Structures are given as structure tokens and as C-alpha cells.
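Architecture and fold: a report
Each chain, written out:
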Amino acid sequence: MQVSGASPPWDGGQYAGNQKNSRENLILALISGLLLGFPWVLHWLAFLTFVAFLPLFILEEKLRERPNPYLVFNYALVCFLVWNILGTWWVTRAHLLGGVLIILANALCQAFSFWLASRVGSITRMPLLLPFVAIWMGFEYFHEWWDLAWPWLNLGNALAAVPEIIQWYEFTGARGGTLWIILANVSGLALYKACQEGSVGRRMTAGAIWLLIVASPVFLSWHIYRNVENGADTLSFALVQPNLDPYTEKFVPEKQAGHLDQFFNTAGRLCDDKTQLLIGPETQIVAQIDEQDPRTSPQFRRLKAFQQQYPHLSILLGVHSFERLAREETVPGSRYDAERNVHYEAFDSALFLPSGSDARFYHKTKLVPLFERMPFVQHLRFLGRFSLELGGYNGTYSNRQAHAAFEDHEKAVSILPIVCFESIFGSYCARRLTEQSGFIGMVTNDGWWKNTPGYKHHFNFSRMRAIECRRDLIRAANNGISAHIDARGRVVAQTAWWQAATLKGIVHLRAGRTFFSRYGDFLGRTAIFCAVGLVIYAGIR
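As the structure is a prediction and not an experimental result, all values here were calculated from the model. (Residues numbered from 1 in each chain as written. Predicted model: local features only at pLDDT ≥ 70, side-chain atom pairs only at ≥ 80, totals over all residues. Heavy atoms only, no water.)

**Some remarks on the overall build of the chain**
- On a plain count of helices and strands, the chain comes out with 14 helices and 14 strands.
- The C-alpha radius of gyration computed for the chain amounts to 25 Å, which stays within 12% of the reference 24 Å derived for 541 residues, consistent with globular compactness.
- Reported as C-alpha extents along the three principal axes, the dimensions of the chain are approximately 80 × 55 × 40 Å.
- Within the chain, buried positions represent 59% of all 541 residues.
- For the chain, contacts bridging at least 24 residues in sequence account for 72% of all contacts bridging at least 6.
- Total accessible area computed for the chain in this model is approximately 22,100 Å², and 60% of it derives from carbon and sulfur atoms.
- With 50 positive and 43 negative side-chain charges, the chain shows a spacing of 6 Å between the two charge centroids. (Helix = DSSP H or I, 4+ residues; strand = E, 2+ residues; numbered from the N terminus. Rg over C-alpha atoms; globule rule 2.2 N^0.38 Å. Buried < 20%, exposed > 50% of the residue type's maximum accessible area, 1.4 Å probe, protein only. Contact = heavy atoms within 4.5 Å. Areas by Shrake-Rupley, 256 points an atom, 1.4 Å probe, with all protein chains shown as cover. Lys, Arg positive; Asp, Glu negative; His and termini not counted. Charge placed at Lys NZ, Arg CZ, Asp CG, Glu CD.)

**What about the pattern of salt bridges?**
- Inspection of every chain in the model, using the stated rule, returns 18 salt bridges.
- A salt bridge links D261 to R302; its shortest N-O distance comes to 2.7 Å. Taken together, the residues span a long stretch of sequence, with D261 in helix α9 (residues 256-270) and R302 in helix α10 (residues 298-307) at a distance of 41 residues.
- Residues D272 and K504 are paired through a salt bridge, measuring 3.0 Å at the closest nitrogen-oxygen approach. Linking D272 in the loop between α9 and β2 (277-279) with K504 in strand β14 (residues 501-508), this pair joins segments that are 232 residues apart in sequence.
- You can call D272 partly exposed: its relative accessible area is 32%.
- Taking the relative accessible area as the measure of exposure, K504 reaches 45% and is therefore partly exposed.
- Salt bridges sharing partners connect three or more residues here, namely E140, E144, R175 and D521. (Salt bridge = Lys/Arg side-chain N within 4 Å of Asp/Glu carboxyl O.)

**Examining helix α4 (residues 96-124)**
- Over its 29 residues, α4 extends 42 Å from the first C-alpha to the last, a length consistent with the 42 Å expected when each residue adds 1.5 Å.
- The first or second residue beyond α4 is R125, which carries a positive phi of 60 degrees. (Expected span 1.5 Å × (residues − 1).)

**Some words on the packing of helix α2 (residues 54-63) against helix α7 (residues 174-197)**
- Interaxial distance between α2 and α7 falls to 9 Å at its minimum, and their mutual angle equals 65 degrees. Where α2 crosses over α7, the handedness of that crossing is right-handed. Where α2 approaches α7, its residues L54, F57, I58 and E61 are matched on the opposing element by N185, V186, G188, L189, Y192 and K193.
- Split by residue class, the contact of α2 with α7 holds six nonpolar, two polar and two charged. (Axes fitted to C-alpha atoms, helices over the stretch in contact; angles between N-to-C directions. Left-handed = near helix turned anticlockwise from the far one by under 90°. Nonpolar A, V, L, I, M, F, W, Y, C, P; charged D, E, K, R; others polar.)

**Section: the nonpolar core**
- With 125 residues, the main nonpolar core has F53, F80, F132, W152 and F439 as its most contacted residues.
- Per-element accounting of this core gives the leading share, nine residues, to helix α3 (residues 71-88).
- Those residues in contact with F132 that sit more than four places away from it in its chain are F53, F57, F114, A117, M137 and I182.
- Among the nonpolar cores identified, the runner-up in size contains 22 residues, and L278, F306, L317 and L353 belong to it. (Core = buried A, V, L, I, M, F, W, Y, C linked by side-chain atoms within 4.5 Å.)

**Description of the packing of aromatic side chains**
- Scanning the entire structure with this criterion turns up 38 aromatic pairs.
- A connected cluster of aromatic rings, assembled from ring pairs, spans F53, F57, F80, W83, F114, F132, W136 and F139.
- The ring of Y225 carries the charged tip of R488 above its face, separated from the ring centre by 5.8 Å. (Phe/Tyr/Trp six-rings, centres within 6.5 Å; stacked < 30°, edge-to-face > 60°. Lys NZ or Arg CZ within 6 Å of the ring centre and 35° of its normal.)

**Some words on a nonpolar patch on the surface**
- Residues L34, F38, V41, L42, W44 and F47 make up a contiguous nonpolar surface patch of about 570 Å² in total accessible area.
- Along the chain, F38 turns up in helix α1 (residues 19-41). (Patch = residues over 30% accessible without salt bridge, like charges linked within 9 Å, V, L, I, M, F, W, Y side chains within 5 Å.)

**A look at the sheet that holds strand β8 (residues 406-408)**
- Taking strand neighbours across the sheet as the criterion, the six strands line up as β8-β9-β10-β11-β12-β13 in an open arrangement whose pairing is mixed. Two strands close off the open sheet at either side, each with one partner strand: β8 and β13 (491-494). Taken pair by pair, the neighbouring strands of this sheet meet at an average axis angle of 20 degrees, ignoring direction.
- Here β8 pairs with strand β9 (residues 413-419) via three bridges, running antiparallel. If you follow F406 over to β9, its bridge partner there is I415. (Pairing = 2+ DSSP bridges.)

**Describing the packing of α2 against α3**
- Where α2 meets α3, the axes come as close as 10 Å, and the angle between the chain directions of the two elements is 165 degrees. In terms of orientation, α2 lies roughly antiparallel with respect to α3. In this structure, α2 meets α3 at a crossing whose hand is right-handed. Counting all contacts with α2, which are made through L56, L59, E60 and L63, the residues of α3 involved are L71, V72, Y75, A76, C79 and F80.
- Its residues assigned to classes, the contact of α2 with α3 comprises nine nonpolar, no polar and one charged. (Parallel < 35°, antiparallel > 145°, perpendicular 65-115°, else oblique.)

Here it is, written out as C-alpha cells:
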């Protein structure tokens, strides 16, 4: 029997007569979700993140002492579901079930983190700031390393489209952006309280603190931005964007020979004797290449034949590759070829053919959960059979690594390879940076998401990686956006979306490693250490 005026189930039955408060609480949760989500719909709304948590913080203070300890979680889940739907709805364009599972799982993880911070604060009687900073940033750090890693909506990523204000990411990585946003929101809560209850002096002080927190990193960033100089050495490159629909063209076996013909025809018109690097997108060659004997592949032989036409040309592009395992050997994620009665590892790889040297393969290690690698397959091997289909292609890849970076000894150049989804993982990319002079070479296929915000997010993440490593970045995408991005994160040249296109230019080479590439995500490591300590302390209390 439904009692008139009863509050909804997420607000606890003991407050059945307080339907008005329930509506207000729900509105606060929805407002926070919208403020967090809008910057992922329109990137110029990134400034909303500096106040996005305010309604949720106000709601948390109202609910913290309620008898039902799960109210904060329930409303936080509403907030984070709205954020995840607005921010990553486009994943459903690739696979409806996979997209729904990713949205739901990520929202649950975020809601649990917020609820845990609230509970720790309530039990220990400390302000929300300390447990929230430690637990949220610790969660983001953990969310880059476990098998369900999906750091797409990490707070610091919301600022990717405005590189002019995040130049200090070369010291902190995107986790510094997360800290900045949290501090701005907490100081904003203090300003809100001062406006509600405080004197004029208290309001002015709180306002000045909020303004100082928001503005100081911007001024610091502009100072760094003006002092970053291009490297003196350069390398000429040519890039091909073939624009093959991943659903109807790219992975159709009967069309792949024609696709390779088109690639070589375009590259032939683009390259000349002065071209030093040809770069193509992820899985430009779909047919698997045997890494132990690549010359058995006719596609590989064509690459070598093309390379020999140009005296100083190196080639970087995406391929499917594999390595056979010993007859009795199996590893998590390996596949079985019944016709040859052999187990093998399949890789989504970047192939590098330096001029005058042997082929080298870099294996994509950060794989998309559910699609490219089933979570926890190393513990439950049978899960490998249930990876979700993507555009007619499915199967679990291996994430065993061969090379961290490519070295072109003839040109004295180091290339930091990044394959598609890996560009979301700033610390993973930066730690592989070498001291040698070079640049970042990224191959990707963003066509899965069609014309949605997803490919724009992914493009902007590349700008953050350039800043964190202080290297120029060449981005080759199957359907776009391909680009040359400089060490400031500034776009030098780019192609249009969903068009066959080419780029040709000069990339500046820089040597040395940034603070972030040397020391990694020290903010994330510190946060997760503090978070564990706070949770243990609260448990003892």
C-alpha cells in the first residue's frame, strides 16, 4: 500500500512525510550531475567543473547524520549516472550492452567513492575536504590500473580542451587538475556558507580564497606557456588518414587488399626523397603479421618494398600481429588455432620500420575492458570467450609488452608509441618517455563512435599527453582527427573528421624528461596511501 506523501525509496522510509525535502535532495543531485556532465558535451563549459560538486556537497551535509547511512550513496549514484550518461553515452553507438555496463559500473564506483569519503568524514568528525581529496584521487589512480580501468571521466581530463591553463600538467599530470577542481569546489562551498550565514568580511575573505585557488594555476600556466620553446632539430613526416568505416569497410576481408592499395597509392603521391617518416592509423594492416617471421606476410613485404623506394624513409603504422606459443604453453588471453593446432597471442600493435634496420613491434597494453580484453581473464581464463563484438571484430588481445619505445638509430630519434585507448593513461604513457630527442607517435581508430563527442574527447586527451611529456605529437587516425600537436598542446595542423585526408609537415624534436615522466603520478600514489590510512582509521574508530 502506497502512503500519500511518502518519500521515494532512495530517501529512507523513516522520512515518509518529508516529500518536499526528498524532491529538493533529488534536484541537488541532478544539478551536480548536469554541471559535471555538460563540460563533456560542450568543451567550452569546462569552467563548470569548478562549482559542479557544490550541490552534492550541500546535499552531503544535509544527509550525513541521517539514520540511514546509504542515503548519500543513493543520491550520489543519481548524480554520477547523469554525469556518465552525458559524458559517455556515445559508447552505446559501438555496443549497446557494453556501453550500458560501462556507464553503470563507472557511476557505481564513483558513488561508492563519494559515499566512502562521507562516511569517513562522519565517523572521524573531520571536514569532508581531507577524506574526499584522498579517496577520490585515490580512486582515480586505482581506476587506471585495475582490469576495469576506465579513466575517461577523471576530473583532470575535463580541462583537456583548454591547454593554455594546464601547462603545469608537465609536473602533476592530469591528477593535478583533479586536485585543482576539488579545491575550487571545497572553497566554493565555504563561500556559499559565508554568503548564507557570514558577515561581509567573511564573505569577502571566502570569495578571495576561491578566486585565488581558481586563478593562480591559470597565471602559472600562462607563464610556462610563454617559455616553452620548440626543439631545434626537426623531422619531416607524411600522414595518411584513409577514412574507412570500421563497421562496413575496414574489417571486411574481401576489401582489405583494396584498402592497402589505396594506402600505398596515397602515400606514393605524398612522399618524396626528403620524407623521413610515413605514419598510418591503427590496424592499417588487418591481416595478422607473424612477429617471429614478419616476411611471411605479403602485406609486410609490400611495406618493405615501398620503403625501399625512399632512401631515408621510416614507417610507423598500426597492425594486427601475433606470436606463436610453445605447443604446451598457454597464457591468459591467448587464442587457439585449431587448423594448425597451436596456441598464439594476438596483439593490437604499432609496427615501426626504421630505415636500414629490422621491424619492431609495440603492443597495445591498455586495452578497452569488455571489448579488447575481458576483465580478470588472467584469473578466470574462460572469460576470454565472452569479449563483446565491435564492428564485426571480436576476440581478446594479449597485453604482454615487447618495446616501451622505438629508437631510430640512423636519425638519432626516439618515438614514444601510443595506440588508441592508451592515450587516456597519462602516467603509463609518460613513464615510457626516454631522454633521447624525439616525439610521440599515436595511431588510433575513433570511427567506432561515429559523429559524437567521443572522438573529440579522445583528440583533446592527446593534447594533454603532449604537455605532460613536452614532446610534439603526431596523431594518425583512421577517420580523424589526425593532427600535429606541439609540445604546448597547441594544434599545429589537423584533418577534418570522417574524410580521407593527408598531412605533411615538420615535427620538432625535444630531448629530456619532464618531472611527471620521471616521478609519475605522485599525487595519485600519495592519495591512495592516505585513503587507505583514513579508511583503516575510521574502521578502528
